[in-house]
Amino acid sequence: MDEKQHKIISRCYLEITNICNLNCKFCPKTKRAKKYMDQAEFDLLTDRLKGRIKFLYFHLMGEPLLHPLLPAFVLSAKEKGFIPVITTNGTLLIENAARLLDAKPHKIQISIHSHEGNEGADPDGYIARVMNFSTDAAERGIIVVLRLWNQGGYERNNERILQLIARHVPRPWTERYDGWKISPNLYVEFDKMFEWPDEDHEEYAQEEVFCYALRNQIGVLADGTVVPCCLDHDGAVPLGNLFQQSLHDILSTPRAVSLLEGFSHHFAAEPFCRKCGYASVTKRFRK
């Protein structure tokens, strides 16, 4: 496949570590060896992604704020032309605030549903820390999204959480299709809880399915393995290794081409994709 046939991919989920400090009930975890990506590895991978990716998401498995080089990685990503986005559980924001705010990523997504997913008894202190950081970041021009992706699942404390948020940013808020804009650059976002794809799960019955894997997104695991999407948490669909191959060569492999063409015809070529509750059950993707 000619290089020019590969257009810019909207987002890449780059896993700088697969280690996490929480044990969320809804998270599938990973059986892979624990790893922190070092500076040389990050430089090589981002050099091979440069010019092909718009948004660089510091997340797949793991908690990116555990990585001591995260602020430096954000600055490096910006220098290479990426738009950096961080997804975090929010528990380590205060400890990392100064360096993270100075690095100024484009957006920080805070999964505040992780509190109840860890049986957090009292959200007051957690939300206070999250909001102290978030209001400061938003004032500095960083987009902050407070995510409650737990509809139909761990949502018993949602109303309490919204009340705590309102202590810091009083209502009224501006309603949006997925939640609220509560102040400039600061949002609350809702979404349904979903089942992660699982190789041991039976395939979902479906007439057709569509996904943006390889079309709008890819994932790169901490060991350099390229996977189709951010939900391939254990590398079930390895397409190649970016430490050893170019992104062009990886996306030109028969397996990658088959997966992409399959979704173009509303068919999941990979058994793993046919066991994905995110796309199959919610029918959230439409071509």
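Refer to the structure presented above.
Residues numbered from 1 in each chain as written. Predicted model: local features only at pLDDT ≥ 70, side-chain atom pairs only at ≥ 80, totals over all residues. Heavy atoms only, no water.

Below, the discussion takes up the packing of aromatic side chains. The tally for this structure, following the rule as stated, stands at 6 aromatic pairs. Taking 4.8 Å as the distance between ring centres and 40 degrees as the angle between the ring planes, the aromatic pair formed by Y13 and Y57 counts as tilted. Highlighted residues: Y13 in strand β1 (residues 9–14) and Y57 in strand β2 (residues 53–58), separated in sequence by 44 residues. Grouping residues by exposure puts Y13 and Y57 together as buried. Their ring planes at 75 degrees and their centres at 5.6 Å tell us that W180 and F190 sit as a pair that is edge-to-face. Taken as a pair, W180 in strand β7 (residues 179–183) and F190 in strand β8 (residues 186–192) lie far apart in primary sequence, 10 residues in all. The partly exposed category is assigned to F190, whose relative accessible area is 23%. One aromatic cluster in this structure is built from F42, F58 and F73. (Phe/Tyr/Trp six-rings, centres within 6.5 Å; stacked < 30°, edge-to-face > 60°. Helix = DSSP H or I, 4+ residues; strand = E, 2+ residues; numbered from the N terminus. Buried < 20%, exposed > 50% of the residue type's maximum accessible area, 1.4 Å probe, protein only.)

Below, the discussion takes up a negative patch on the surface. Together, E195, D198, E199 and D200 make up a region of like negative charge exposed at the surface. Tracing the sequence through the fold places E199 in the loop between β8 and β9 (217–220). (Patch = residues over 30% accessible without salt bridge, like charges linked within 9 Å, V, L, I, M, F, W, Y side chains within 5 Å. Areas by Shrake-Rupley, 256 points an atom, 1.4 Å probe, with all protein chains shown as cover. Salt bridge = Lys/Arg side-chain N within 4 Å of Asp/Glu carboxyl O. Lys, Arg positive; Asp, Glu negative; His and termini not counted. Charge placed at Lys NZ, Arg CZ, Asp CG, Glu CD.)

Applying the stated criterion across every chain yields a total of 12 salt bridges. Taking the shortest distance from any N to any O, the salt bridge between D136 and R140 comes out at 3.2 Å. A relative accessible area of 38% places R140 in the partly exposed class. Counted as one network, the salt bridges with shared partners bring together E15, K31, R32 and D234.

Next up on the list: the pairing of β7. Counting buried positions along β7 yields 4 of 5 residues, so the element is predominantly enclosed. Two elements, strand β6 (residues 174–176) and β7, share 3 bridges in a ladder whose sense is antiparallel. In the sheet register, T174 faces β7, and the bridge partner there is K181. Taken together, β6 and the strand that follows it, β7, pair antiparallel across an intervening segment of 2 residues. Across 4 bridges, the pairing between β7 and β8 is antiparallel. For G179, the partnering residue across the bridge sits in β8 and is E189. Between β7 and β8, which follow one another and run antiparallel, lie 2 residues, and N185 among them has a positive phi close to 75 degrees. (Pairing = 2+ DSSP bridges.)

Treat this as a map of the structure, not an account of what it does.
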